[in-house]
Every structure is written in C-alpha cells, then in structure tokens.
Amino acid sequence: RIYESTFRLQIDPEAPTGVTQQAVNITSSSRDVEYFQTQIKNIVSQPVLESVIHELDLQKDPRYVESLDILDDLMEDISIQPLRLTRLVEVSVQHPNPKRAQQIAQSLSDHFVNYNFNNKIEESKKTFSYYDEEAQTYRQRVEEAERKLQEYRRQHQEVSFQEDMNIVSKALIEARTLLTSYQSE
C-alpha cells in the first residue's frame, strides 16, 4: 500500500531587483509564467532533493536502499500539480510509510524555501556588489575631475567662485560691510 502526503506552495512573482528594474513591465506576464515554471522545477532540483536525502538519511530507507539512483527514484515519488488559475501548486509525496511520506513532504517544503531564500541572498549580494563597484567608479571620476579642475585653476591662476573657498571674495565682502557701517555712522 502507498500513502501520500500533500502540501501547497504559493509561488508569487519576484519583485524586480535594482539591476533588472530598467526592464520592468516589458514582458511581465511571460516572465511570471517563466518564473512560475522555474520554481516548479526548483522544487525537485538536485540541490533540494540532495538536502532532503541527507536530512532524512533516505539512502537507508527501505524504499530506496537498493536504488541505483536515489535522486531519480525520489523524484518519481513526488508529483507537482499547479492549481488552475492560481499561483498555487500542490506537491505530493508517495511512500509505503505514511509518516515517512509526511517527513519527506515537510523536508521538501523546508529545503525548497531555504533554497529560494539562499538564491535571493546571493542575488542581493551581486546587486549590492554591482552598485558598490559603480559608486566606486563614479567616486574616482569625480575625484579625477576635481583634481583636473584644481590643476586648471593653478595653471591659469584662477580663484574659486564658491563663497567659502574664495579668500578674495571674503575680503571684499568684509570690506563692503565695513564701508557700509562707516557710511551709516
């Protein structure tokens, strides 16, 4: 006799990350479908299934002990059914032992969620690294432009027109203020 344990997952489309935001809403619906299909494949991906096998020590399970390819055999015991017109999928695990079917289903769910979470963390790290590199590049460009401007000013004996950097301008303002105060007395 075979028992089945089933769980549901809701697969929502990803919000665009910083690097990909430039292409937002171009083909939103086709990306949603692709993302949904990818997530379905990820449920039974090798890293997820290997984590389940390792956690539950399935290589010692009577159902899989004589298996030549435990990944394939475990995958055959898992069925995934998208629920029509929703973002839900039903994932079912079959096993001769009802408790073991439930354990595999729970482990599969947990490892799939962790797998997605870790992928999102890695993507966030890449996005942060990209923006950090861009910021460094722009910082270097600004510093170089400021250096060239200072060099130009020095060569052409120019003074700054920024109030706080121009000594001549400050002296002129002070002289005008003094003149105005003497004239008013």
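Heads up: these notes are all about the structure in this document. (Residues numbered from 1 in each chain as written. Predicted model: local features only at pLDDT ≥ 70, side-chain atom pairs only at ≥ 80, totals over all residues. Heavy atoms only, no water.)

## Looking at the packing of helix 2 (residues 46–56) against helix 4 (residues 98–155)
Alright, step 1. Remark: helix 2 packs on helix 4, axes separated minimally by 9 Å, with the N-to-C direction vectors making an angle of 130 degrees. Classified by the angle their axes make, helix 2 and helix 4 are oblique. The handedness of the crossing between helix 2 and helix 4 is right-handed. In this structure, helix 2 contributes Pro47, Val48, Leu49, Ser51, Val52, Glu55 and Leu56 to the contact, and helix 4 contributes Arg100, Gln103, Ile104, Ser107, Leu108, His111, Phe112 and Tyr115.
Alright, step 2. Split into classes, the residues belonging to the contact of helix 2 with helix 4 amount to 9 nonpolar, 4 polar and 2 charged. (Axes fitted to C-alpha atoms, helices over the stretch in contact; angles between N-to-C directions. Helix = DSSP H or I, 4+ residues; strand = E, 2+ residues; numbered from the N terminus. Parallel < 35°, antiparallel > 145°, perpendicular 65-115°, else oblique. Left-handed = near helix turned anticlockwise from the far one by under 90°. Contact = heavy atoms within 4.5 Å. Nonpolar A, V, L, I, M, F, W, Y, C, P; charged D, E, K, R; others polar.)

## Describing the nonpolar core
Alright, step 1. Counting 26 residues, the largest nonpolar core has Leu58, Leu74 and Leu108 as the members making the most contacts within it.
Alright, step 2. Mapped onto this core, the elements with two or more residues apiece are strand 1 (3–10), helix 1 (28–43), helix 2, helix 3 (70–76), strand 3 (88–95) and helix 4.
Alright, step 3. Leucine 58 has contacts with Val52, Ile53, Tyr64, Ile70, Leu74, Arg100 and Ile104, leaving out every residue within four places of it along the chain. (Core = buried A, V, L, I, M, F, W, Y, C linked by side-chain atoms within 4.5 Å. Buried < 20%, exposed > 50% of the residue type's maximum accessible area, 1.4 Å probe, protein only.)

## With respect to the side chain of serine 92
Alright, step 1. Structurally, the position occupied by serine 92 is in strand 3.
Alright, step 2. Here the side chain of serine 92 touches threonine 6 through a polar contact of 2.8 Å, side chain to side chain.
Alright, step 3. Serine 92 has contacts with Glu4, Ser5, Thr6, Asp77, Ile78 and Ser79, leaving out every residue within four places of it along the chain. (Polar contact = N/O pair within 3.5 Å; in protein donor to acceptor, adjacent residues only side chain to side chain.)

## Regarding the layout of surface pockets
Any space left empty among the atoms is revealed by the rolling of a water-sized probe across them.
Alright, step 1. If you add up the space inside the second largest pocket, you get close to 190 Å³.
Alright, step 2. Every residue lining the second largest pocket is listed: Leu9, Gln10, Ile11, Asp12, Glu14, Tyr35, Gln39, Phe112, Val113, Asn116, Phe117 and Lys120.
Alright, step 3. Per element, the largest residue contribution to the lining of the second largest pocket is 5 residues, and it comes from helix 4.
Alright, step 4. For the lining of the second largest pocket, a count of residues per class yields 6 nonpolar, 3 polar and 3 charged. (1 Å grid on protein atoms, 1.4 Å probe; cavity = no way out; pocket = protein on both sides within 12 Å on 5 of 7 lines; lining within 4 Å. Points joined across faces, edges and corners; volume = space filled by probe spheres on them.)

## Observations regarding the pairing of strand 3
Alright, step 1. Here strand 1 pairs with strand 3 via 8 bridges, running antiparallel. Bridge assignment links arginine 8 to a residue of strand 3, and that residue is glutamate 90.
Alright, step 2. As paired elements, strand 2 (residues 78–82) and strand 3 share 5 bridges and run antiparallel to each other. By the bridge assignment, proline 82 is partnered in strand 3 with valine 89.
Alright, step 3. Following strand 2, the chain reverses through 5 residues before pairing antiparallel with strand 3; leucine 85 in that reversal takes a positive phi of roughly 60 degrees. (Pairing = 2+ DSSP bridges.)

## What about the packing of aromatic side chains?
Alright, step 1. Applying the stated criterion across every chain yields a total of 1 aromatic pair.
Alright, step 2. Between tyrosine 130 and tyrosine 131, the aromatic rings sit 5.2 Å apart at their centres with planes inclined by 70 degrees, giving edge-to-face as the arrangement.
Alright, step 3. Take tyrosine 130: its relative accessible area is 37%, and that puts it in the partly exposed class. (Phe/Tyr/Trp six-rings, centres within 6.5 Å; stacked < 30°, edge-to-face > 60°.)

## Observations concerning helix 4
Alright, step 1. Its 58 residues place the ends of helix 4 85 Å apart at the C-alpha level, agreeing with the 86 Å of an ideal helix rising 1.5 Å per residue.
Alright, step 2. Along helix 4, the residues that are buried comprise Arg100, Ala101, Ile104, Ala105, Ser107, Leu108, Ser109, His111, Phe112, Asn116, Thr127 and Arg153.
Alright, step 3. A positive phi of about 50 degrees marks glutamine 157, the residue just after helix 4. (Expected span 1.5 Å × (residues − 1).)

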